[in-house]
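Spelled out, the chains give:
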Amino acid sequence: MTADLERDGDIVPATFGYLGAIFLGPVIPLAIYVLRSRRSAFMRYHAAPAVNLSLTAALYGLCCLILGGLLALDSTTVALIVVLLVSRALWRRRRSALR
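Residues numbered from 1 in each chain as written. Predicted model: local features only at pLDDT ≥ 70, side-chain atom pairs only at ≥ 80, totals over all residues. Heavy atoms only, no water.

Q: How should the confidence of the model for the protein be read in this particular structure?
A: Interpreting fine coordinate detail is not advised for predicted regions of low pLDDT. Overall, the prediction assigns the protein a mean pLDDT of 81, with 90% of residues at 70 or greater. Per-element averaging of pLDDT across the protein places helix α4 (residues 76–98) at the bottom with 79 and helix α2 (residues 27–36) at the top with 87. (pLDDT = per-residue confidence, 0-100. Helix = DSSP H or I, 4+ residues; strand = E, 2+ residues; numbered from the N terminus.)

Structure below.
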């Protein structure tokens, strides 16, 4: 059944699409999808989930960064340090603008 969809030259790029999704994000799978999807249904079938996997992982990482930042600011000490650093930077900017 899959013999109709796959050719010998399509298996290696499909594998690199999945590996590229893990290590380099959506760049490699998206390039494979754009360049090879019209020529081969096998490539389209495997490149689309690889792009989906990489974009899902990128969004998951972004959500983890946001949540980690919110949890780090939950501590009063960290919140005070951030407020002091921001107010110091604003004070320096205002002082340099007055000169």
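Anyway, onward from the coordinates.
Q: Could you clarify how one ought to interpret a nonpolar patch on the surface in this entry?
A: A cluster of nonpolar residues, Val-12, Phe-16, Leu-19, Ile-22, Phe-23, Leu-24 and Leu-53, forms a patch on the protein surface that exposes about 750 Å² of accessible area. Within the secondary structure, Leu-53 is located in helix α3 (residues 41–72). Under the relative-accessibility criterion, Leu-53 is labelled partly exposed at 42%. (Patch = residues over 30% accessible without salt bridge, like charges linked within 9 Å, V, L, I, M, F, W, Y side chains within 5 Å. Areas by Shrake-Rupley, 256 points an atom, 1.4 Å probe, with all protein chains shown as cover. Salt bridge = Lys/Arg side-chain N within 4 Å of Asp/Glu carboxyl O. Buried < 20%, exposed > 50% of the residue type's maximum accessible area, 1.4 Å probe, protein only.)

Q: Before we go on, may I ask you to explain the nonpolar core in this structure?
A: Nonpolar side chains in soluble globular proteins tend to be buried together. Listed in full, the five residues of the largest apolar core are Ala-14, Ile-32, Phe-42, Met-43 and Ala-47. A per-element tally of this core places α3 first, with three residues. (Core = buried A, V, L, I, M, F, W, Y, C linked by side-chain atoms within 4.5 Å.)

Q: Just to check I follow, could you spell out the state of the cysteines for this structure?
A: In a disulfide, the sulfur atoms of two cysteines are held together by a covalent bond. One pass over the full model with this rule turns up zero disulfides. Residue Cys-63 stays outside any disulfide, its sulfur separated by 7.1 Å from that of Cys-64, the closest cysteine. (Disulfide = S-S within 2.5 Å.)

Q: Help me out: how do you make sense of the environment of Leu-30 in this one?
A: Tracing the backbone shows Leu-30 in helix α2. On the basis of relative accessible area, Leu-30 is assigned to the partly exposed category, the value being 42%.

Q: I would appreciate a short explanation of the side chain of Ser-54 in the present structure.
A: Positionally, Ser-54 belongs in helix α3. Setting aside its immediate chain neighbours within four residues, Ser-54 contacts Ala-21, Gly-25, Pro-26 and Pro-29. (Contact = heavy atoms within 4.5 Å.)

Q: What is the right way to look at the packing of α2 against α3 in this model?
A: The description of two packed helices rests on the angle between their axes and on the distance between the axes. It is the contact of α2 with α3, at a shortest axis distance of 8 Å, that shows an interaxial angle of 150°. When the axis of α2 is compared with that of α3, the two are roughly antiparallel. Crossing handedness for the pair α2 and α3: left-handed. Together, Pro-29, Leu-30, Ile-32, Tyr-33 and Arg-36 of α2 and Met-43, Arg-44, Ala-47, Ala-48, Ala-50, Val-51 and Ser-54 of α3 make up the contact between the two elements. (Axes fitted to C-alpha atoms, helices over the stretch in contact; angles between N-to-C directions. Parallel < 35°, antiparallel > 145°, perpendicular 65-115°, else oblique. Left-handed = near helix turned anticlockwise from the far one by under 90°.)

Q: Would you take a moment to explain the environment of Pro-49 for this structure?
A: Assignment of secondary structure puts Pro-49 in helix α3. Separated by 32 residues in the primary sequence, Pro-49 and Gly-17 have C-alpha atoms spaced 9.5 Å apart. Beyond its immediate stretch of four places on either side in the chain, Pro-49 contacts Tyr-18 and Arg-44.

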